[in-house]
Every structure is written in C-alpha cells, then in structure tokens.
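Structural characterization, general
In case you want the letters, here they are:
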Amino acid sequence: MYNIFGDIMKVKIFDFEDEGDLQQAMNDFLNDLEGDVIDIKYTVSSFPSGEEQIYCFSSMIIYNPK
C-alpha cells in the first residue's frame, strides 16, 4: 500500500479481549515505532457465550516506517 507520495505504508493489527491489554500493546508499539503514524482505527465488538458476554477490542495502526 502506498501513500500519496509513493512511500510504502504498513499496518499493525491488535486484537485483545481486555481493553487494558490493547492499550498496553499499542503504547509499547508506538513507543518503539521509528516512523510516522498515519491513522489509527479502533473497534469493539461483543457477543454472548453461554452465561457471559465476550468482548473483542481491536485496533489497526497505519504507519510509514523510516
């Protein structure tokens, strides 16, 4: 995938059942990132599983590596 300048962009996908785990993983990735963040997409989904509710917290970071 290329941006408007012809630079190659990359994506990093995160998927966790706990929002705290997602937050920590994203922060770790962003702290170590050598490049520029273009966009961050975030979503939450849930569904019943027997007597409990299952949650899925996901995000995608689109970035240009240096």
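Quick summary incoming for the structure in this document.

Calculation notes
Residues numbered from 1 in each chain as written. Predicted model: local features only at pLDDT ≥ 70, side-chain atom pairs only at ≥ 80, totals over all residues. Heavy atoms only, no water. Core = buried A, V, L, I, M, F, W, Y, C linked by side-chain atoms within 4.5 Å. Buried < 20%, exposed > 50% of the residue type's maximum accessible area, 1.4 Å probe, protein only. Helix = DSSP H or I, 4+ residues; strand = E, 2+ residues; numbered from the N terminus. Contact = heavy atoms within 4.5 Å. Pairing = 2+ DSSP bridges. Patch = residues over 30% accessible without salt bridge, like charges linked within 9 Å, V, L, I, M, F, W, Y side chains within 5 Å. Areas by Shrake-Rupley, 256 points an atom, 1.4 Å probe, with all protein chains shown as cover. Salt bridge = Lys/Arg side-chain N within 4 Å of Asp/Glu carboxyl O. Lys, Arg positive; Asp, Glu negative; His and termini not counted. Charge placed at Lys NZ, Arg CZ, Asp CG, Glu CD. Phe/Tyr/Trp six-rings, centres within 6.5 Å; stacked < 30°, edge-to-face > 60°.

**Re the nonpolar core**
Residues Phe 14, Leu 22, Ala 25, Met 26, Phe 29, Leu 33, Phe 57, Ile 61 and Tyr 63 constitute the largest nonpolar core, which totals 9 residues. If you list the elements that add at least two residues to this core, you get α1 (19-32) and β3 (52-65). Element by element, the count of residues in this core is highest for α1, at 4 residues. The residues contacting Phe 57, other than those within four sequence positions of it, are Phe 14, Asp 15, Phe 16, Glu 17, Asp 18, Glu 19, Leu 22, Tyr 42, Thr 43 and Val 44.

**Looking at the pairing of strand β2 (residues 35-49)**
Summarising the sheet, β2 and β3 pair through 14 bridges and their orientation is antiparallel. Within β3, the residue paired with Val 37 across the bridge is Tyr 63. The hairpin formed by β2 and β3 contains 2 residues between the paired strands, and Gly 50 there has a positive phi angle of roughly 65 degrees.

**Digging into a negative patch on the surface**
Taken together, the side chains of Asp 15, Glu 17, Asp 18, Glu 19, Asp 21 and Glu 52 define an acidic patch exposed on the protein surface. Within the secondary structure layout, Asp 21 lies in helix α1. Under the relative-accessibility criterion, Asp 21 is labelled partly exposed at 41%.

**Focus: the packing of aromatic side chains**
Here the structure, examined in full by the defined rule, presents 3 aromatic pairs. Measuring from centroid to centroid gives 5.9 Å for Phe 14 and Phe 29, while their planes differ by 70 degrees, and the two rings are edge-to-face. Taken as a pair, Phe 14 in strand β1 (residues 10-16) and Phe 29 in helix α1 lie far apart in primary sequence, 15 residues in all. Take Phe 14 and Phe 29: they sit in the same class, and that class is buried.

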